[in-house]
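# Examination of the molecular architecture
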Amino acid sequence: MSQPFIHTEHLSYSYEDGADAKQMPVLHDVSLDVARGEYIAIIGHNGSGKSTFAKLLNLVLEPTDGKILIDGQDITSPDMTDDDLLALRRKVGMVFQNPDNQLVATVVEEDIAFGPENLGVPSAEIRARVDEALAAVGMTEYARHEPHRLSGGQKQRVAIAGIIAMMPDCMIFDESTAMLDPLGRREVLEVMERLHRERGITVITITHHMDEAARADRIVVLDDGRVLRDGTPEQIFSEPELLMEIGLDVPQSAALVHRLRKAGLSLDGEVGTPEACVETICRAFAAREHNTLVNG
Amino acid sequence: MKGIALGQYYPSGSVLHRLDPRMKVIIAVLYIVTTFLAKNVTAFALLLVSMLLLIAVSRIPLRIVLSGIKPVLMIMLFTMVINLFFVGGERLLFEWKFIRIYVEGLYQAAFMAIRIVVLIVGTSMLLTYTTTPIMLTDALERLLAPLRVLHVPVHEFAMMMTIALRFIPTLMEETEKIMAAQKARGADFTSGSLVSRAKALIPILIPLFVSAFRRADDLATAMECRCYHGGKGRTRMTVLHFHLGDFVALTVFVALGAGLILANRYGFGFSM
């Protein structure tokens, strides 16, 4: 792990407000490293610049200032050719919020083939990749279906398969679960985490749901276009007041742990997921009971 | 709304459904030309028989075929009446005041009617009923691909068609949602004069347009992220191959054309 997969240096982005040609800053001086195979969540309230940050990583937007290195290549350099851009977008795939607005074809498998087709992959290989991608998201039986008849979660899985078929190194999920019902969210999360686990794909998920963020290896908190905090879920959720202050929730389990600690209970161990939390709290209470028995 | 079907595609799984869509387009063009070749009774009879055979082969219920003719019924009647009353000739059949109907007019009217029916039914049997809109788009893109040399944006048109087909159901669903939302606010779409009903549509159309533009923007970004850069260097997953059946079908239709030419020459009956 000598060089990070994604490396940004003093990244800034601002857009010109059409009305009075004023520069509206969105991101300031964001310097961040993401290692290959990492699973990271970016959280922040609306307008914190998290979506903008994601869009800079595959040059859907061009940074106003700063440098981005993907896999060692400076994508902000003026020498970037069109081919380099295609190679970048193949490497860094993106799944968006609205499942309806990212599917192109009228048949599921043809939609998944769209990316590889654009890359000029030979027909027989596209077929193989599409079948493989369908299997990876568990949509094989829907290969010949029309996307508009699928549920939100299924559509989103098709969109993910469309990216997988391009064989990316990194996938960015830009609030991909925001428009889904709980079932759809669970489907998408499962697929996302399986891709990370089994294929070592670097996953960057941008989310409003703190319980989703809590599952990542690392959380980056953006506020007003700046990196406010960067750490493990435990570290991040140990400051609930800070998160609330910038308009974010804290997962219920983390809030509970925080209040217990404040009340004087010493809690050591995993508190990232509700399950881990239950275990840690039980262990703490058992230990306390044990202590009272021994001492009392 | 989830159940809406686009176009008139009727999946009966016939031989025609399995033909290569490119061949079906070629054959349809051939068939249209053939329709205009017919000149005498024998030729038109042949044409009519070929159409009936086509319907039989397609295994599409007659009820559906007939409903397909309905939209052109008025045009058909109009041409028939015009031909009946205004085509002059030698053999007078009927005369009443200024109305004169000739045998020639009768034949001409019948020919015209057959020609229109065969045109409509023939092309719909070959194309719309047995080929999905997307296959048709695909076939046209591939058939017209050589025109790219002349800078005709064939791929771009096909892509536009595909996206339109993909988004029609989505936008229809959206329209329903907006209508329901406006109804909940007391909008009335069903009563009042034509003008007031048309005005009631404005609160539907504006949100629909706004959302369509937003979708277009989202889709463009998503397509860029999936490396779309026009038709250049693009490959396709499905490679179409002509099979034996396609050539058999082509042969049949070429033979029909030849037969029609022979019928024109050696057949009998009134000739136009």
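Residues numbered from 1 in each chain as written. Chains lettered and ligands numbered in written order. Predicted model: local features only at pLDDT ≥ 70, side-chain atom pairs only at ≥ 80, totals over all residues. Heavy atoms only, no water.

## Side note on the domain arrangement of chain B
Split into domains, chain B comes out as domain 1 (15–132 + 241–266) and domain 2 (144–225). Taking only C-alpha atoms into account, the centre of domain 1 of chain B sits 36 Å from that of domain 2 of chain B. (Domains from an automatic or database assignment.)

## Re the nonpolar core
In this structure, Ile112, Ile160, Ile164, Met171, Ile219, Val221 and Phe237 of chain A are the most contacted members of the largest nonpolar core, which totals 52 residues. The dominant element in this core, judged by the number of residues it contributes, is helix H5 (residues 152–164) of chain A, at six residues. Look past the residues within four positions of Ile219 of chain A in its chain and what remains in contact with it is Ala41, Ile43, Ala213, Ala214, Arg229, Asp230, Gly231, Pro233, Ile236 and Phe237 of chain A. If you look at the next biggest cluster of nonpolar residues, it comprises 39 residues, including Met51, Met76, Ala139 and Leu256 of chain B. (Core = buried A, V, L, I, M, F, W, Y, C linked by side-chain atoms within 4.5 Å. Buried < 20%, exposed > 50% of the residue type's maximum accessible area, 1.4 Å probe, protein only. Helix = DSSP H or I, 4+ residues; strand = E, 2+ residues; numbered from the N terminus. Contact = heavy atoms within 4.5 Å.)

## As for helix H3 (residues 108–118) of chain A
Most of H3 of chain A is tucked away, with 10 of its 11 residues classed as buried. Those residues of H3 of chain A that sit buried are Val108, Glu109, Asp111, Ile112, Ala113, Phe114, Gly115, Pro116, Glu117 and Asn118 of chain A. The secondary structure elements touched by the buried residues of H3 of chain A are helix H4 (123–136) and H5 of chain A together with helix H8 (154–184) and helix H10 (202–225) of chain B. Immediately downstream of H3 of chain A, the backbone of Gly120 of chain A shows phi near 75 degrees, a positive value.

## So, the domain arrangement of chain A
All names here are of chain A. If you check the domain split of chain A, you get domain 1 (36–64 + 76–240) and domain 2 (251–296). The gap between the C-alpha centroids of domain 1 and domain 2 is 35 Å. Taken together, the contact pairs seven residues of domain 1 with seven residues of domain 2. Carbon and sulfur atoms supply 71% of the area buried between domain 1 and domain 2, which totals about 590 Å² over both sides. The largest per-residue losses of area from domain 1 upon contact with domain 2 belong to Glu234, Phe237 and Pro240, which jointly make up 61% of the total buried on that side. Between the two partners, domain 1 and domain 2, sit zero salt bridges. One can count zero residue pairs in polar contact (both at pLDDT 80 or more) joining domain 1 with domain 2. Of all the secondary structure elements, the ones that give two or more residues to the side of domain 1 that touches domain 2 are helix H7 (210–213) and helix H8 (233–237). (Buried area = accessible area lost by both parts, 1.4 Å probe. Salt bridge = Lys/Arg side-chain N within 4 Å of Asp/Glu carboxyl O. Polar contact = N/O pair within 3.5 Å; in protein donor to acceptor, adjacent residues only side chain to side chain.)

## Examining the pattern of salt bridges
Counted by the stated rule, this structure contains 32 salt bridges over all chains. Between Glu224 of chain B and Arg89 of chain A there is a salt bridge, and its shortest N-O distance comes to 3.9 Å. A residue pair is termed interchain when its members come from two chains, as with Glu224 of chain B in helix H10 and Arg89 of chain A in helix H2 (residues 82–91). Under the relative-accessibility criterion, Glu224 of chain B is labelled partly exposed at 38%. Judged by relative accessible area, Arg89 of chain A falls into the buried class, the value being 6%.

## Focus: the side chain of Glu193 of chain A
All names here are of chain A. For Glu193, the location among the structural elements is in helix H6 (residues 182–199). Owing to a relative accessible area of 12%, Glu193 belongs among the buried residues under this scheme. Of the polar contacts made by the side chain of Glu193, one reaches the side chain of Arg215; its length is 2.7 Å. Not counting residues up to four positions away in its chain, the partners in contact with Glu193 are Tyr39 and Arg215.

## So, the packing of helix H3 (residues 41–58) of chain B against helix H6 (residues 103–128) of chain B
Residues and elements named next belong to chain B. Where H3 meets H6, the closest approach of the two axes is 10 Å, and the angle between their N-to-C directions is 30 degrees. By the criterion of interaxial angle, the relationship of H3 to H6 is roughly parallel. Between H3 and H6 lies a crossing whose hand is left-handed. Across the interface between the two elements, Val41, Phe44, Leu47, Leu48, Met51, Leu54, Ile55 and Ser58 from H3 touch Tyr107, Phe111, Ile114, Arg115, Val117, Val118, Val121, Gly122, Met125 and Leu126 from H6. (Axes fitted to C-alpha atoms, helices over the stretch in contact; angles between N-to-C directions. Parallel < 35°, antiparallel > 145°, perpendicular 65-115°, else oblique. Left-handed = near helix turned anticlockwise from the far one by under 90°.)

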